[in-house]
Amino acid sequence: MAAGKRLAAASGAWIVFEDEAGFSMTSPRAHTWGRRGHTPVIRVRGRSRRRTSIAALCCYKPGEKSRLIHRPRAHLRLKGARKSFSWQDYRDLLVRAHIQLDGPIVVVWDNLNTHLATGLKRYEADHDWLTTVRLPPYAPDLNPVEAVWSLVRRAMTNTAFDTSDDLDRTLRRELRRIQLRPHLVDGCLTATGLALTPPTPP
């Protein structure tokens, strides 16, 4: 992590945290206002077998408004169908971020096998605007994107989605809501206990 910050400071780059999550027609459940012993029941159509994955980037740079960039991918739960992002999907997302942020980026992400793919490493080596840094193993609490997923799921609790399109619209709406509120993206970084600027010496 410290190495990533030094790289960003030296090059004027954005520090970009990445994570991905999956969402299905079965929404998270939470407490309701129903009377004790009388759980509310809502009848809906048969559940769709489609699953939507989203890869998101929380982007930070001192002096700039924090940004949230995301990319959805719909998956059919069919035998043999890919159920996650490919390294090409991650490459395209990083290219999109580079264009939108108009500057070099230091990507901080976990040790997912796809993040370590040979093709992705080769692409990084061929492009000086991209640097990747890996988070320590089993450290989701250091990734602000985890807090983004918490905000999205909180808004989706106890929701009966009628169709997969209804699910996608809800996801786009909630992510857009966060995008338009940079203070929420800042709060996600604060929740990790990390800071972009080094502490002032005593």
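In this report, the structure presented in the accompanying data block is examined. (Residues numbered from 1 in each chain as written. Predicted model: local features only at pLDDT ≥ 70, side-chain atom pairs only at ≥ 80, totals over all residues. Heavy atoms only, no water.)

## Regarding helix 3 (residues 118-126)
In step 1: Those residues of helix 3 that fall on the buried side of the exposure criterion are Gly 119, Leu 120 and Tyr 123. Mapping the buried residues of helix 3 onto a view down its axis gives an arc of 100°, with all of them on the same face. Exposed residues lying more than 90 degrees from the buried face of helix 3 are Thr 118, Arg 122 and Ala 125.
In step 2: Structurally, helix 3 contributes buried residues whose contacts are with helix 2 (87-101), strand 4 (105-109) and strand 5 (130-134). (Buried < 20%, exposed > 50% of the residue type's maximum accessible area, 1.4 Å probe, protein only. Helix = DSSP H or I, 4+ residues; strand = E, 2+ residues; numbered from the N terminus. Arc of directions from axis to C-beta. Contact = heavy atoms within 4.5 Å.)

## Some details on the nonpolar core
One recurring pattern in soluble globular proteins is that nonpolar side chains are buried together.
In step 1: By size, the foremost hydrophobic cluster in this structure holds 30 residues, and its most contacted members are Phe 17, Phe 23, Leu 68, Val 148, Trp 149 and Val 152.
In step 2: Breaking this core down by element, the ones donating at least two residues are strand 1 (14-23), strand 2 (50-60), strand 4, helix 4 (145-156), helix 5 (164-179) and helix 6 (182-192).
In step 3: Of the residues forming this core, the biggest block, 6 residues, is contributed by helix 4.
In step 4: With near-sequence residues (within four places) excluded, Leu 68 lies in contact with Ala 56, Leu 57, Cys 58, Val 148, Leu 175, Ile 178, Gln 179 and Val 185.
In step 5: By size, the runner-up hydrophobic cluster in this structure holds 20 residues, among which are Val 16, Leu 94, Ile 105 and Leu 130. (Core = buried A, V, L, I, M, F, W, Y, C linked by side-chain atoms within 4.5 Å.)

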